[in-house]
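One letter stands for each residue in the lines below.
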Amino acid sequence: MKSTDRWVRSFAGKVILASCSVVILAVGVRAVSAVAEQRGPVQRVVQGKVIDGGGAIVKGAVVYLKDDHSLAVKSYFSDDAGEYRFGQLAQNTDYEIWAESNGKKSPVKTISSFDNKNQFYIDLKIGK
């Protein structure tokens, strides 16, 4: 075999090997993105504290979260630290949140579907 034939075969082999590597890499990237799509959409979380007009925590306040799409309302009692948390909220839905305690109500806050954050920290202040 001539040295030129060996060189051509060697060069062709390297080109084929490089092409196969690119195809394998492309298939691998596609598989990773398919797995990421199967996980589903990222869920949102809203949490915070319920405080009174003087800034003191309010235990046992009822915190309401209203889904503006379905009009469903979830509720949560603030814990001993005045904290609340709602998880697994949809990205494409607007929400309203407020708190009530002893006949007093906080202003209603809105979480917009256009806000791209996944974590919201909202303190709810119940007036005096």
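Residues numbered from 1 in each chain as written. Predicted model: local features only at pLDDT ≥ 70, side-chain atom pairs only at ≥ 80, totals over all residues. Heavy atoms only, no water.

With an unreviewed UniProt entry as reference, the protein chain is termed Carboxypeptidase-like regulatory domain-containing protein, source organism Tunturiibacter psychrotolerans.

Turning to the overall build of the protein chain, a few remarks are in order. Helix and strand counts for the protein chain come out as 1 helix and 9 strands. Along its sequence from the N terminus, the protein chain presents helices and strands in the succession α-β-β-β-β-β-β-β-β-β. For the protein chain, restricting intrachain contacts to residue pairs at least 6 apart in sequence, the fraction spanning at least 24 positions comes to 58%. (Helix = DSSP H or I, 4+ residues; strand = E, 2+ residues; numbered from the N terminus. Contact = heavy atoms within 4.5 Å.)

The final tally for this structure, using the stated rule, is 3 aromatic pairs. When the centroid spacing of 6.0 Å and the interplanar angle of 65° are considered together, the rings of Tyr 76 and Phe 86 count as edge-to-face. Residue Tyr 76 is found in strand β3 (residues 73–77), and its partner Phe 86 is found in strand β4 (residues 83–89); the two are separated by 10 residues along the sequence. Of the residues examined, Phe 86 reaches a relative accessible area of 5% and is grouped as buried. (Phe/Tyr/Trp six-rings, centres within 6.5 Å; stacked < 30°, edge-to-face > 60°. Buried < 20%, exposed > 50% of the residue type's maximum accessible area, 1.4 Å probe, protein only.)

Attention now goes to the side chain of Asp 67. Locating Asp 67 in the fold gives a position in strand β2 (residues 62–67). For the buried Asp 67, which has no salt bridge, the nearest side chain bearing the opposite charge is Lys 74, at an N-O separation of 7.3 Å. Only 3.0 Å separates the side chain of Asp 67 from the backbone nitrogen of Ser 70, close enough to count as a polar contact. Ignoring anything within four residues of it in the chain, the contact list for Asp 67 reads Ala 72, Thr 93, Asp 94 and Tyr 95. (Lys, Arg positive; Asp, Glu negative; His and termini not counted. Salt bridge = Lys/Arg side-chain N within 4 Å of Asp/Glu carboxyl O. Polar contact = N/O pair within 3.5 Å; in protein donor to acceptor, adjacent residues only side chain to side chain.)

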